[in-house]
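A closer look at the structure
Residues per chain are reported as follows:
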Amino acid sequence: MMDFNGISVLVTGGNGAVGCNLVRKLLCLNAKVVVLDDFSQSKQGNLPSKHTNLTIIKGDITDEKILCKVFSRKFNYVFHLAARFANELSVKNPLEDLRVNVQGTLQVLLHTYKQKPERFLYASSSSLYGLQKYVLLQENLMPNPSTPYAASKLTGEHYCSAIHELYNMNYSIVRLSNSYGPYDPTGKFRNVIPNFMKAALAGKSLVITGTGKETRDFTYVDDCVDGIILAATQNRGKNETFNLGTGKETRIRQIAELILEITKSRSKIVFRQMRSFDHIKRRKMDISKARRLIHYNPTTKIEIGLERTYQWFLNQNFR
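First, a word on what this report is: a plain description of the structure on this page. Worth saying up front: this structure is predicted, and the values here are computed from it rather than measured.

Topic: the packing of helix α6 (residues 192-202) against helix α10 (residues 302-315)
Axis separation between α6 and α10 bottoms out at 11 Å; the angle between their running directions is 55°. Between α6 and α10, the crossing angle belongs to the class labelled oblique. Both α6 and α10 take part in a crossing whose hand is right-handed. Within the contact between the two elements, α6 uses I193, P194, M197, K198 and L201 and α10 uses L306, T309, Y310, F313 and L314. Its residues placed into classes, the contact of α6 with α10 shows eight nonpolar, one polar and one charged.

Things to note about the sheet that holds strand β5 (residues 119-125)
Reading across from one edge, β3-β2-β1-β4-β5-β7-β12 is the order of the seven strands in this open sheet, with parallel pairing throughout. Each edge of the open sheet is held by one strand with a lone partner, namely β3 (54-58) and β12 (240-244). This sheet shows a mean twist of 15° between the axes of neighbouring strands, independent of strand direction. Relative to strand β4 (residues 77-80), strand β1 (residues 8-12) runs parallel, the two sharing four bridges. Looking at β4, one finds that L10 is bridged to V78. The strands touched by helix α1 (residues 17-28) within the sheet are β1, β2 (32-37), β3, β4 and β7 (171-176), with β1 carrying the most contacts at an inclination of about 170°. Against the sheet, helix α5 (residues 148-167) touches β5 and β7, its axis set at about 160° to β5.

Some remarks on the nonpolar core
Counting 68 residues, the largest nonpolar core has L26 and F79 as its most contacted members. Among the elements that take part in this core, helix α7 (residues 221-233) stands out by supplying eight residues, more than any other. Each residue touching F79, except ones within four places of it in the same chain, is listed here: V9, L10, V11, T12, L22, L26, L121, I228 and A232. L10, I57, I163 and I173 belong to the second-largest nonpolar core, a separate cluster that totals 23 residues.

Considering the packing of α6 against helix α8 (residues 252-263)
For the pair α6 and α8, the least separation of the axes is 10 Å and the interaxial angle reads 40°. Taken together, the axes of α6 and α8 lie oblique to each other. In this structure, α6 crosses over α8, and the sense of that crossing is right-handed. Contacts between α6 and α8 involve V192, I193, F196, M197, A200 and L201 on the former and, on the latter, I252, I255, A256, I259, L260 and T263. In terms of residue class, the contact of α6 with α8 is built from 11 nonpolar, one polar and no charged.

Focus on the packing of aromatic side chains
Inspection of the entire model under this criterion finds seven aromatic pairs. Seen from their ring centres, Y113 and Y167 are 3.8 Å apart, and the 10° between their planes marks the pair as stacked. Placement of Y113 in helix α4 (residues 94-113) and of Y167 in helix α5 is noted, with a sequence separation of 54 residues between them. Centroid distance W312 to F313: 5.4 Å. Interplanar angle 85°. Geometry classified as edge-to-face. Assigned by exposure class, W312 and F313 land together as buried.

Concerning α6
Taken residue by residue, α6 has I193, P194, F196, M197, A199, A200 and L201 as its buried positions. The inward-facing, buried residues of α6 abut β8 (179-180), β9 (206-209), α8 and α10. Looking at the residues trailing α6, positive phi occurs at G203, about 75°.

Observations regarding the side chain of N15
Within the secondary structure, N15 is located in the loop between β1 and α1. Excluding anything up to four places from it in sequence, N15 contacts C20, V35, D37, F39, S42, K43, Q44, N46 and L47.

Concerning α5
Compared with the 28 Å implied by 1.5 Å per residue over 20 residues, the 28 Å span of α5 between its first and last C-alpha is a close match. For α5, every residue scored as buried is listed here: Y149, A150, S152, K153, L154, G156, E157, C160, I163 and H164. Looking one or two residues past α5, N168 carries a phi angle of roughly 60°, positive in sign.

Some details on unusual backbone geometry
With a phi close to 45°, N178 is a non-glycine residue in the positive phi region. Considering the arrangement of structural elements, one finds N178 in the loop between β7 and β8. Phi is positive for N239, which is not a glycine, with a value near 60°. For N239, the location among the structural elements is in the loop between α7 and β12.

Side note on a nonpolar patch on the surface
A cluster of nonpolar side chains, L110, L166 and Y167, forms an exposed patch at the surface whose accessible area comes to about 280 Å². With respect to the element layout, L166 can be found in helix α5.

Remarks on the side chain of H164
Position of H164 among the secondary structure elements: in helix α5. Leaving out residues up to four positions away in the same chain, H164 has contacts with M169, N170, Y171 and N239.

So, how was this worked out
- Residues numbered from 1 in each chain as written.
- Predicted model: local features only at pLDDT ≥ 70, side-chain atom pairs only at ≥ 80, totals over all residues.
- Heavy atoms only, no water.
- Axes fitted to C-alpha atoms, helices over the stretch in contact; angles between N-to-C directions.
- Helix = DSSP H or I, 4+ residues; strand = E, 2+ residues; numbered from the N terminus.
- Parallel < 35°, antiparallel > 145°, perpendicular 65-115°, else oblique.
- Left-handed = near helix turned anticlockwise from the far one by under 90°.
- Contact = heavy atoms within 4.5 Å.
- Nonpolar A, V, L, I, M, F, W, Y, C, P; charged D, E, K, R; others polar.
- Pairing = 2+ DSSP bridges.
- Core = buried A, V, L, I, M, F, W, Y, C linked by side-chain atoms within 4.5 Å.
- Buried < 20%, exposed > 50% of the residue type's maximum accessible area, 1.4 Å probe, protein only.
- Phe/Tyr/Trp six-rings, centres within 6.5 Å; stacked < 30°, edge-to-face > 60°.
- Expected span 1.5 Å × (residues − 1).
- Patch = residues over 30% accessible without salt bridge, like charges linked within 9 Å, V, L, I, M, F, W, Y side chains within 5 Å.
- Areas by Shrake-Rupley, 256 points an atom, 1.4 Å probe, with all protein chains shown as cover.
- Salt bridge = Lys/Arg side-chain N within 4 Å of Asp/Glu carboxyl O.

What follows is the structure, given as structure tokens:
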């Protein structure tokens, strides 16, 4: 993987679940990293704040004064991960999704292109595929977003393309698929794995919304981070869109059972009615394009990823 020695990088949303893991990897690769985050959806302490190559700026990506301050520096790469997360929360307040995920993305793009960086990396989402006839999702499928969050992520992709056409700014887009791992927070609108983990450690029931037979392509965060960096730095990733998943589907019930086994919990699995906006029964990402063009190679099996996530939870005193 590329050595970022002396290279200046901006990571928006760099304190988030994927963002802070990306920042840590970039620092290990000797990058000089600036993080812009408003800390509205992540905890303080996710980042090694005393690292000499890390600068943390607290602010909103729709705040022009903050953006002018951030972009007073010159960046070689911009990784745009800042977003309001995710589907269920966007249904509750779609206008806030529009403000942050669409307006904010455009504002960051308009500041970025003026610097002519090597690459602008946009973190999109597999949720934009929506309901499809096919289980295996390829990048060339027509998106079918069914939530404001999914629609906002698709709009961000279109803005990347438009800014490229207007100003010749190079970009890469990655569609993340159910990422999980350390620093992924629990909460009402958060992901299933951290919420299952917290419930198991607390001796509470693991609540599945649906039958448990529904599948997703769960991707360990280290594999996501590797794919993000490869997409941004490989020449054949330029102005391309990539699925970042594992190419494998796992049933939600299997996830719950594995977590109970790993945590040695006696918690029960209970079932609730599927959420009204969630119509996806199965999902699996076709990652052949990413394998071919940027040499993306996810290696973390679900059992290993869950065990690593469990160890992180233990260190956070979640019991």
